[in-house]
Amino acid sequence: MTESALANLRVLLGVSGGIAAYKAAELTRRLRDAGADVRVVLTENAARFVTPLTFQALSGQAVRTSLWDEAAEAAMGHIELARWAQRIVIAPASADVIARLAHGRADDLLTTLCLASAAPLAIAPAMNQQMWAHAATQANLDLLRTRGVDVLGPASGSQACGDVGAGRLLEADAIVAELATRHGPKLLDGARVLVSAGPTYEDIDPVRFIGNRSSGRMGFAVAQAAAEQGAQVHLIAGPAHLPTPAGVTRCDVRSAREMHAAIMQQIPQCDIFISAAAVGDYRPGEVAAHKLKKTGATLRLVLTENPDILAEVAAHKTRPGKPDIFLVGFAAETQNLETGARAKLERKKLDLIVANRVGDGAGFDATDNELLLLWPGGKEHLPRADKLALARSLLVRIAGLRAQPAGRRSKR
Ligand code: CTP
């Protein structure tokens, strides 16, 4: 993941209106430091926060703010600019620009360029935490993600408006590093990666089930990050209301046993198995054919143990004439994170385990997390970040460990 991956890359940096617009000045510098050729377009609202002159000085190029600038159109017209770009990055991307992009609007220079260009688009959102959490913003982002738009960040923390929460623009260095990942060498080119994600639901009767709080976000992010690294990705998803990441093949299941069957069917064709699903350990011994009625007495459910999918795959990881399957498990723990996770790593004979603390609002439902990666003889702490950023770092670590013989894996 070197920043020289951006050398000579023609980056169109779009800056939309918001207080974080001033941080785009730093980003312009960082992109140029990384060797990119940068041209900046400001929306009219962005130009109320920062002046075009700032960006002209930093990029060494004329800055555009309007579709209706005759002199600029006579020099490099907007269609030429759209063709010139090899990558479009909008930072900060306001809630408004995200909404306009999601709906294919072309009502200013920046959105017109996005429609007129074939270049991949990345957006780094920045807005008030309430606006970020709003269902309309999240629906617009889901739509953009299904079209292959990269959403970088946002970070969490204190905001200019005094609120605290998600919605801060990622730091310039982090944006440059994420872009470099996309343009660097693909670490898993051609590898076949099987990912499980989401919860499982175990039916009690036709209307009730036993489930868990997993949203599937981490597993879906892992699938996306693996696809970005050039892998052929097959995602087995428990009930999760999330869009399928671009380029990923998805199979939906409901119960642990359905997930078990789907995974065992795919295992012979895979090189890496990442078991991010929160598989229910138990299911009701019998599923009632009709809705259970109140009787006034205590209702006792007898639970039967589900197959441990990962342990079963681990028992078959060695295959004659083929390299072992690289196995990655997740450990969600409410206490004794490292010892509990390391015990699972050893017990299930895994190559890597991803430990995360759950409970008290952490982990399952959240959009960000903090992870501890453990492998035989080593570990790495991934500080709090959104799940996609964590998934990308995880995939880099998996690729690195896979490239080393098992006995000589680096310690950190
Ligand atoms: N797992 C699995 N099948 C199960 C249970 C868990 O494949 N029936 C996988 C999960 O996908 C995860 C790992 O095993 O990658 C650890 O899951 P976790 O629930 O934390 O651990 P358990 O093995 O169930 O142990 P415990 O419930 O004692 O914490």
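Cut-offs and rules
Residues numbered from 1 in each chain as written. Predicted model: local features only at pLDDT ≥ 70, side-chain atom pairs only at ≥ 80, totals over all residues. Heavy atoms only, no water. Helix = DSSP H or I, 4+ residues; strand = E, 2+ residues; numbered from the N terminus. Rg over C-alpha atoms; globule rule 2.2 N^0.38 Å. Buried < 20%, exposed > 50% of the residue type's maximum accessible area, 1.4 Å probe, protein only. Contact = heavy atoms within 4.5 Å. Areas by Shrake-Rupley, 256 points an atom, 1.4 Å probe, with all protein chains shown as cover. Lys, Arg positive; Asp, Glu negative; His and termini not counted. Charge placed at Lys NZ, Arg CZ, Asp CG, Glu CD. Near = heavy atom within 4 Å. Polar contact = N/O pair within 3.5 Å; in protein donor to acceptor, adjacent residues only side chain to side chain. 1 Å grid on protein atoms, 1.4 Å probe; cavity = no way out; pocket = protein on both sides within 12 Å on 5 of 7 lines; lining within 4 Å. Sits in = over half its atoms within 2 Å of the grid points. Phe/Tyr/Trp six-rings, centres within 6.5 Å; stacked < 30°, edge-to-face > 60°. Lys NZ or Arg CZ within 6 Å of the ring centre and 35° of its normal. Core = buried A, V, L, I, M, F, W, Y, C linked by side-chain atoms within 4.5 Å. Expected span 1.5 Å × (residues − 1). Domains from an automatic or database assignment. Buried area = accessible area lost by both parts, 1.4 Å probe. Salt bridge = Lys/Arg side-chain N within 4 Å of Asp/Glu carboxyl O. Nonpolar A, V, L, I, M, F, W, Y, C, P; charged D, E, K, R; others polar.

## Side note on the overall build of the protein chain
Looking only at helices and strands, one finds 15 helices and 19 strands in the protein chain. Computed over C-alpha atoms, the radius of gyration of the protein chain comes to 24 Å, within 12% of the 22 Å expected from 2.2 N^0.38 for 412 residues, which places it in the range of a compact globule. In terms of principal-axis extent, the alpha carbons of the protein chain reach across some 80 × 60 × 35 Å. Out of the 412 residues belonging to the protein chain, those deemed buried represent 50%. Here the contacts in the protein chain between residues at least 6 apart in sequence split such that 66% fall between residues at least 24 apart. When the accessible surface of the protein chain is summed, it comes to about 19300 Å², and 52% of that surface belongs to carbon and sulfur atoms. Counting 48 positive and 42 negative side-chain charges, the protein chain places the averaged centre of each group 4 Å from the other.

## Observations concerning the site of the ligand
Close contacts around the ligand come from 15 residues, with Ser275, Ala277, Phe330, Lys344 and Lys348 the closest. In this structure, an oxygen atom belonging to the ligand sits 2.8 Å away from a main-chain N or O atom of Leu310. Within the contact set of the ligand, an oxygen atom lies 2.6 Å away from a side-chain nitrogen or oxygen of Lys348. For the ligand, the accessible surface in isolation is 560 Å², of which the surrounding protein chains cover 78%. In a pocket analysis with a 2 Å cut-off to the grid points, the ligand is assigned to the second largest pocket.

## Comments concerning the packing of aromatic side chains
Scanning the entire structure with this criterion turns up one aromatic pair. Where Tyr201 meets Phe209, the ring centres are 3.9 Å apart and the plane angle is 15°; that geometry is what we call stacked. Here the guanidinium or amino end of Arg254 rests over the ring plane of Phe209, the centre of that ring lying 5.5 Å away.

## Thoughts on the nonpolar core
In terms of nonpolar packing, the biggest core is built from 39 residues, with Val222, Ile274, Leu352 and Ile398 touching the most fellow members. Secondary-structure elements contributing two or more residues to this core are strand E8 (192-197), helix H11 (217-228), strand E11 (232-237), strand E13 (272-275), strand E16 (326-333), strand E17 (352-357), strand E18 (368-375) and helix H15 (387-402). Discounting chain neighbours no more than four positions away, the residues touching Val222 are Val195, Ile274, Phe330, Ala391, Leu394 and Leu395. If you look at the next biggest cluster of nonpolar residues, it comprises 33 residues, including Val40, Ala46, Val63 and Val89.

## Some remarks on H15
Across its 16 residues, H15 extends 22 Å between first and last C-alpha, which sits within 8% of the 22 Å expected from 1.5 Å per residue. Among the 16 residues in H15, 12 count as buried, and that is most of the element. Restricting attention to buried positions, one finds in H15 the residues Lys387, Leu388, Ala389, Leu390, Ala391, Arg392, Leu394, Leu395, Arg397, Ile398, Ala399 and Leu401. Backbone nitrogen of Leu388 and a side-chain oxygen of the N-cap are separated by 3.2 Å at the start of H15; the cap is Asp386.

## Some thoughts on H11
Counted at 1.5 Å a residue, the expected span for H11 with its 12 residues is 16 Å, and the 16 Å between its end C-alpha atoms agrees. Among the 12 residues of H11, 11 are classified as buried, and the element is accordingly described as predominantly covered. Considered for burial, the residues of H11 that qualify are Met218, Gly219, Phe220, Ala221, Val222, Ala223, Gln224, Ala225, Ala226, Ala227 and Glu228. Downstream of H11 by one or two residues, Gly230 has phi in the positive range, about 90°.

## What about the environment of Ile325?
Positionally, Ile325 belongs in the loop between helix H13 (309-315) and E16. Among the residues examined, Ile325 registers a relative accessible area of 1% and is labelled buried. The sequence separation of Ile325 and Ala277 amounts to 48 residues, and the corresponding C-alpha distance is 18 Å. Beyond its immediate stretch of four places on either side in the chain, Ile325 contacts Ile267, Cys270, Asp271, Ile272, Phe273, His316, Lys317, Arg319 and Asp351.

## Let's talk about unusual backbone geometry
When glycine is set aside, most residues are seen to have a negative phi, and most peptide bonds are trans. The amide bond that connects Ala91 to the next residue, Pro92, takes the cis arrangement and shows omega of -5°. Along the chain, the position of Pro92 falls in strand E3 (residues 87-93). A positive phi angle, close to 55°, is found at Lys349, a residue other than glycine. Position of Lys349 among the secondary structure elements: in the loop between helix H14 (337-347) and E17.

## Things to note about the domain arrangement of the protein chain
When its domains are assigned, the protein chain resolves into domain 1 (3-183) and domain 2 (192-287 + 294-408). Centre-to-centre separation of domain 1 and domain 2, based on C-alpha positions: 34 Å. Contact with domain 1, which involves 12 residues of that partner, is made by 10 residues of domain 2. Between domain 1 and domain 2, a total of about 830 Å² is buried, with carbon and sulfur atoms accounting for 47% of that surface. The closest approach of N and O atoms between Asp150 and Arg392, which form a salt bridge, is 3.6 Å. Where domain 1 touches domain 2, the interface holds one residue pair in polar contact (both at pLDDT 80 or more). Put simply, the parts of the chain that give the side of domain 1 that touches domain 2 at least two residues each are helix H9 (135-146), strand E5 (150-151) and helix H10 (172-183). With three residues, the single largest contributor to the side of domain 1 that touches domain 2 is H10. Classifying every residue of the side of domain 1 that touches domain 2 gives three nonpolar, five polar and four charged.

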